[in-house]
Amino acid sequence: MLNKISDIEKEIALFLPKSSEALENFRIKYLGKKGIITSLFSDFRNVPAVDKKSVGQAINNLKIFASEKYKQLKLDLYSDEVESSGLDLSRPGTPFSPGARHPLSIVRNEIIGIFSRLGFIISEGPEIEDDGHVFSKLNFPPDHPARDMQDTFFIHRNSDDESSPEDILLRTHTSSVQVRIMEGEKPPIRTISPGRVFRNEAISARAHCIFHQVEGLYIDENVSFADLKQTLLFFATEMFGKKTRIRLRPSYFPFTEPSAEMDVSCTICSGKGCNVCKYTGWLEILGCGMVDPNVLDSCGINNKKYTGYAFGMGIERLAMLKYRINDLRLYFENDIKFLEQFRSAF
Ligand code: DAH
């Protein structure tokens, strides 16, 4: 047996393949499942006990020798092939440019970051909604103009003459997520809901039929307007800088009472007056207010025990102010020249 092994070893030592095919045949012949070395291992059973140690060692060494030889031959063949192909493997690779985040994603992530530092969690709701979640439960009267065909993309209407809570539509604001959260969870609730919304608008530099909002909602015992104001001031200074001032102007939304719109001191002229703020020194950035007790009630929350505030802002608008983008259509055109400018931001 030892003689046989040493003959095989000599054979292997002398082998020199001319092609990768010949090398593959070598592998199959010696190292394959039905190869010579495997069959030596099965013959090993019949070796007398006294010889087992030396024969066993010899077969193992042979196997290592064959495997090493195969590896080395493979490398040699590969470099021969590369050399004869004329490829220059030392040439530097073609650089590839990393992608950039979309400005809307950058601003959305920034808003989420600021509110999560205050303990708000993120929630999402469906883009295809029913009238109940987008309008009725948010205290919109049946004849409110926002429900009109002119503003809302309807998917299914039960009747042409009057709206019904079962009508199916594309949500016109993320306030619908407030309703879903209040229906499904018990206070305290502290959540923000970023998402895409749809309105039937002609596309121009200042209007689009698709845009994005972030909705905020905080419900607990004794939540006050002062809490809302302090939270929004924190948001504004984090987003636009420490020196930013805010002002709240009385407004109207069906789902909040009282309601307000919030302005920040102009991010361009810091309040002195310029063409971006139309020489007022202020820029409007969001709507807010105390959740109307009727809304709490229609979402199953005890309005004697709990109060809350809500706010909603447009991501496109904030990104326009932050990056001085002057046309809404740029966000959706996917022009590389526009998108590449945001490569350094996260
Ligand atoms: N849903 C309003 C809109 O789309 C924005 C808004 C205003 C949301 C006031 C709120 C709020 O939560 O309290 O214009």
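Everything below is about the structure printed above this text.
Every value quoted in this text rests on a predicted model; they were computed, and no experiment measured them.

Let us look at the layout of surface pockets. When its volume is computed, the second largest pocket comes out at roughly 210 Å³. Taken together, Leu104, Ser105, Arg108, Glu124, Gly125, Glu127, Arg171, Pro194, Gly195, Arg196, His212 and Ile315 make up the full set of residues lining the second largest pocket. Looking at the lining of the second largest pocket, the elements that each hand over two or more residues are helix H5 (103-117) and strand S5 (189-198). Among the residues forming the lining of the second largest pocket, the class breakdown is three nonpolar, four polar and five charged.

In this section: the sheet that holds strand S6 (residues 210-220). Hydrogen bonds between backbone groups are what pair the strands of a sheet, and the pairing can be parallel or antiparallel. Strands sit in the order S1-S5-S6-S10-S9-S8-S7 across an open sheet of seven strands; the sheet is mixed. Of all the strands in the sheet, the pair left with one neighbour each is strand S1 (121-122) and strand S7 (246-253). Inspection of the sheet shows S5 paired to S6 by ten bridges, in the antiparallel sense. Across the sheet, the residue bridging to Ile189 is Ile219, located in S6. Sheet strands touched by H5: S1, S5, S6 and strand S10 (307-314). Its angle to S5, the strand with the most contacts, is close to 165°. Across the sheet, helix H7 (residues 175-184) lies against S5, S6 and S10, angled at about 35° from S6, the strand it touches most.

Looking at the secondary structure, you find Glu316 in helix H10 (residues 315-323). Among buried Asp, Glu, Lys and Arg side chains, Glu316 stands out as unpaired, with Arg196 the closest opposite charge at 8.9 Å. In terms of polar contacts, Glu316 uses its side chain to reach the side chain of His212, at 2.8 Å. Setting aside residues up to four positions removed in sequence, Glu316 forms contacts with Leu104, Ile210, Phe211, His212, Leu328, Tyr331 and Phe332.

Looking now at the environment of Asn302. Counting through the fold element by element, Asn302 comes out in the loop between helix H9 (293-298) and S10. Since its relative accessible area comes to 41%, Asn302 is described here as partly exposed. Each C-alpha atom of the pair Asn302 and Pro187 lies 9.6 Å from the other, and the pair is 115 residues apart in sequence. Of the polar contacts made by the side chain of Asn302, one reaches the backbone nitrogen of Lys304; its length is 2.8 Å.

Another aspect to go through is a nonpolar patch on the surface. Residues Tyr78, Leu87 and Leu89 make up a contiguous nonpolar surface patch of about 370 Å² in total accessible area. In this structure, Tyr78 sits in helix H4 (residues 52-85). Residue class for Tyr78 comes out exposed when judged on its relative accessible area of 51%.

A few words on the packing of aromatic side chains. The relation between two aromatic rings is expressed through the spacing of the ring centres and the mutual angle of the planes. Applying the stated rule across the entire model yields 15 aromatic pairs. A ring pair is formed by Phe338 and Phe342, whose centres lie 5.2 Å apart and whose planes are at 70°; its orientation type is edge-to-face. You'll find Phe338 and Phe342 in the same group, each marked buried. Aromatic ring contacts, followed pair by pair, group Phe115, Phe120, Tyr218, Phe235, Tyr309 and Phe311 into a single cluster. Stacked on the ring of Phe44, the Lys or Arg Lys52 has its end atom at 5.2 Å from the ring centre.

Definitions and cut-offs
Residues numbered from 1 in each chain as written. Predicted model: local features only at pLDDT ≥ 70, side-chain atom pairs only at ≥ 80, totals over all residues. Heavy atoms only, no water. 1 Å grid on protein atoms, 1.4 Å probe; cavity = no way out; pocket = protein on both sides within 12 Å on 5 of 7 lines; lining within 4 Å. Points joined across faces, edges and corners; volume = space filled by probe spheres on them. Helix = DSSP H or I, 4+ residues; strand = E, 2+ residues; numbered from the N terminus. Nonpolar A, V, L, I, M, F, W, Y, C, P; charged D, E, K, R; others polar. Pairing = 2+ DSSP bridges. Contact = heavy atoms within 4.5 Å. Axes fitted to C-alpha atoms, helices over the stretch in contact; angles between N-to-C directions. Buried < 20%, exposed > 50% of the residue type's maximum accessible area, 1.4 Å probe, protein only. Lys, Arg positive; Asp, Glu negative; His and termini not counted. Salt bridge = Lys/Arg side-chain N within 4 Å of Asp/Glu carboxyl O. Polar contact = N/O pair within 3.5 Å; in protein donor to acceptor, adjacent residues only side chain to side chain. Patch = residues over 30% accessible without salt bridge, like charges linked within 9 Å, V, L, I, M, F, W, Y side chains within 5 Å. Areas by Shrake-Rupley, 256 points an atom, 1.4 Å probe, with all protein chains shown as cover. Phe/Tyr/Trp six-rings, centres within 6.5 Å; stacked < 30°, edge-to-face > 60°. Lys NZ or Arg CZ within 6 Å of the ring centre and 35° of its normal.

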